[in-house]
Amino acid sequence: MRKHAASNPFAQKRELITVEDVVNSRLVADPLHKLDCCVISDGGAACVVTSAERAADLPNAAVYVLGGAHASTHQMNLSAMADLTVTGAAQCGPLAFRRAGITPADVDVAQLYDSFTITVLLTVEDLGFCAKGEGGAFVEDDGLGLAGRLPTNTDGGGLSACHPGMRGMFLIVESVRQLRGECGETQVPGAAIAVAHGTGGMLSASATLVLGRDAP
Amino acid sequence: MTDAATPSDPRPPKPRPAPVPDPDSAPYWAAAHDGRLVVQRCENCGTYQLYGRDRCLVCRGPVVWVEASGKGTVYSFTVIRQNYARPFRDWIPYVVALVDLVEGPRVMTNLVDCAPEEVAIGLAVRARFEPVSEEAGIALFELDR
């Protein structure tokens, strides 16, 4: 993530960090260290939604909504969560992929909500990019890098780029940029299918959006 | 990293914040004030639940408050090492835990009177109580040694 942020002139944190830097940063709430937590930012983002027909007349290339789904799993209290290791992504992820007619293997680039490092691990597992409990191995060795198993959070994510509270909109904006080929150094070559996944509430609200470069 | 953790606060300690009871929660707070832990039981399907609600979450049946054993086990926990809000900043480091009561409901609570290093998932704990107003008390938990 930080490597991606280093290439993003708008990212809040751009200096490269190591695993040692993370585990040596002070503890905030065990086992999360400061560098396991997202940054705190001011900021905003927006996107324009219109019909494919109308978009054809617009100056910028459109991207297409291939599928989407959301899930709400419990009320706004962590004590109401049935299993701390499974989020609503396990419900809305497969549903969104089915509606889009794709599988996780078809995804070229992902923007995954990353309030904390653990949020990313839970999400890659629950969306089906790897088996439950294998998220650590999946992200290891630059697995989420541009040449990795699943290029993820190419703007640097909430952990490095920005987190003004409503991070979800940035996930969509970065997905659109990737599909338009506008990402420069962090462009995933030939990206045709992007997934934006947001997590909210107390790990209680999840939403998955599958976007495509080409008209379905 | 050289940045400081929560700086110390020269002001006198602030008491634990008191809840504002509403019709759904008042029996819970009142019982805790008197040193008892109560949970809701569904009169229809028998499911136990917390926090207090008007209906059973499972079958929408009517619920009654019943006394719980006050015993449970640690489902998960964390040690809070940064919090700028009073009075919590005065307690750092302190343990926030999710405790599974033997009756079934899971509650978020503080584990007190133990070092953070002593806490582990699965440990047996029991409730103790701290009055925080004339009408409410808070259920805290301690290790059931």
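First, a word on scope: everything that follows refers to the structure included in this document. (Residues numbered from 1 in each chain as written. Chains lettered and ligands numbered in written order. Predicted model: local features only at pLDDT ≥ 70, side-chain atom pairs only at ≥ 80, totals over all residues. Heavy atoms only, no water.)

1. As for the overall build of chain B
Turning to step 1, where the next piece is worked out: For chain B, the count of helices and strands is one helix and eight strands.
Turning to step 2, where the next piece is worked out: In sequence order, chain B lays out its α and β elements as α-β-β-β-β-β-β-β-β.
Turning to step 3, where the next piece is worked out: Considered along the principal axes of its C-alpha atoms, chain B spans approximately 55 × 35 × 25 Å.
Turning to step 4, where the next piece is worked out: Buried positions account for 42% of the 145 residues belonging to chain B.
Turning to step 5, where the next piece is worked out: Restricting the contact set of chain B to residue pairs at least 6 apart, pairs at least 24 apart contribute 54%. (Helix = DSSP H or I, 4+ residues; strand = E, 2+ residues; numbered from the N terminus. Buried < 20%, exposed > 50% of the residue type's maximum accessible area, 1.4 Å probe, protein only. Contact = heavy atoms within 4.5 Å.)

2. With respect to helix α4 (residues 89–100) of chain A
One full turn of an α-helix is made of 3.6 residues, so residues set three or four places apart face in the same direction.
Residue and element names in this part refer to chain A.
Turning to step 1, where the next piece is worked out: Compared with the 16 Å implied by 1.5 Å per residue over 12 residues, the 16 Å span of α4 between its first and last C-alpha is a close match.
Turning to step 2, where the next piece is worked out: Summarising the contacts, the buried residues of α4 are in contact with β3 (64–72), α5 (117–126), β5 (193–200) and β6 (205–212).
Turning to step 3, where the next piece is worked out: The first or second residue beyond α4 is G101, which carries a positive phi of 70 degrees. (Expected span 1.5 Å × (residues − 1).)

3. A few points about the sheet that holds β5 of chain A
All names here are of chain A.
Turning to step 1, where the next piece is worked out: If you trace the four strands from one edge of the open sheet to the other, you get β3-β6-β5-β4, paired in mixed fashion. Of all the strands in the sheet, just β3 and β4 (109–112) have a single pairing partner and so form its edges. When strand polarity is set aside, the average angle formed by the axes of neighbouring strands in this sheet is 10 degrees.
Turning to step 2, where the next piece is worked out: Sheet analysis places β4 next to β5, joined by four bridges and oriented parallel. (Pairing = 2+ DSSP bridges. Axes fitted to C-alpha atoms, helices over the stretch in contact; angles between N-to-C directions.)

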